[in-house]
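Take a look at the letters that make up each chain.
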Amino acid sequence: MKNLIVSPRIYKDTNEVICTSYDVDILEMLNKLNILVKPFNILKKIDHNLLKNSDGLFLMGGGNINKVEKNKINKMRDDYEKKLFKYFVKHKKPIVGICRGFQNIVSFYGIKLVQVKGHVRTKHHLKINKSRFIKHKSLDVNSYHNYAVTNLPKNYSAISQLKDGTIEIAEHKTKKILCLMFHPERKMLSQKKILQSLKKFFQ
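Residues numbered from 1 in each chain as written. Predicted model: local features only at pLDDT ≥ 70, side-chain atom pairs only at ≥ 80, totals over all residues. Heavy atoms only, no water.

(A) Geometry of the pattern of salt bridges. Within the structure shown, the criterion is met by eight salt bridges. The shortest N-O distance in the salt bridge between aspartate 79 and lysine 75 comes to 2.8 Å. Separated by four residues within a single helix, aspartate 79 and lysine 75 lie in helix α3 (residues 72-90), roughly one turn from each other. Its relative accessible area of 36% is what places aspartate 79 among the partly exposed residues. (Salt bridge = Lys/Arg side-chain N within 4 Å of Asp/Glu carboxyl O. Helix = DSSP H or I, 4+ residues; strand = E, 2+ residues; numbered from the N terminus. Buried < 20%, exposed > 50% of the residue type's maximum accessible area, 1.4 Å probe, protein only.)

This is the structure in structure tokens:
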């Protein structure tokens, strides 16, 4: 079983207490991947011993990054995820960014997001172009985002791009970093395929 750091949603409850949570779909996906979530406290300094003993990082979806929806909660999450991302890149451990996680990764490099329409509660058929990590020619995926990626940092490749120019899958050319604009934890036609790829990614 692999031990991973998985970035949670952050929110304030009715008493203004800062809380974190994971969607049930995410927990079910991690269970299928034989992954154990290592919990961490976002309000404290990063526990480097915890990260040292972790096998990889998931930057999950849910909401917008602070650059497009400015508030304290988004900034808190973005800043914490940036620290996690830098640590796992430095120590050459695998990273997956899902939807918001993908958006946050490119924003770390100064890439701006583009607002789009028609990408929420819909489906896309993706053609896969020379991926190191996804050994399928195509995927049928879901879509739940209002902001998209149309440009990538250098050293990243677009593995699947839609006709409107938005990038659905990207990966680092040399490092083990995979970015998905869809939600593999939610039901979709190619869920089994992408979960197989994710399981191999963390082996």
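Here the narrative resumes, following the displayed structure.
(B) Spatial organisation of the environment of tyrosine 156. Turning to its location among the elements, tyrosine 156 is positioned in strand β11 (residues 156-161). Separated by 80 residues in sequence, tyrosine 156 and methionine 76 have C-alpha atoms that sit 26 Å apart. Residue contacts for tyrosine 156: discarding those within four places in its chain leaves Phe85, Ile105, Tyr109, Glu171, His172, Lys173, Ile177 and Cys179. (Contact = heavy atoms within 4.5 Å.)

(C) Layout of the environment of glutamate 185. Secondary-structure assignment places glutamate 185 in the loop between β13 (177-180) and α5 (191-201). Look at glutamate 185 and you get buried, because its relative accessible area is 5%. Here glutamate 185 is in contact with Asp25, Ile26, Met29, Met60, Ile98 and Gln191, once residues within four sequence places are set aside. One polar contact links glutamate 185 to histidine 183, side chain to side chain, over a distance of 2.8 Å. (Polar contact = N/O pair within 3.5 Å; in protein donor to acceptor, adjacent residues only side chain to side chain.)

(D) Molecular detail of the sheet that holds strand β1 (residues 2-6). Here seven strands make up an open sheet; going across it, the order is β4-β1-β5-β6-β13-β12-β11 and the pairing mixed. Single-partner strands in this sheet number two, and they are β4 (35-37) and β11. The average undirected angle you get between the axes of adjacent strands in this sheet is 20 degrees. Where strand β6 (residues 95-98) lies against β13, four bridges are found, and the strand directions are parallel. Residue pairing across strands places isoleucine 95 opposite isoleucine 177, the latter belonging to β13. Helix α4 (residues 100-108) rests against β5 (56-59), β6, β11, β12 (167-172) and β13 of the sheet, and its axis sits at about 110 degrees to β6. Here α5 sits on the sheet and contacts β5, β6 and β13; the angle it forms with β13, its principal contact strand, is near 160 degrees. (Pairing = 2+ DSSP bridges. Axes fitted to C-alpha atoms, helices over the stretch in contact; angles between N-to-C directions.)

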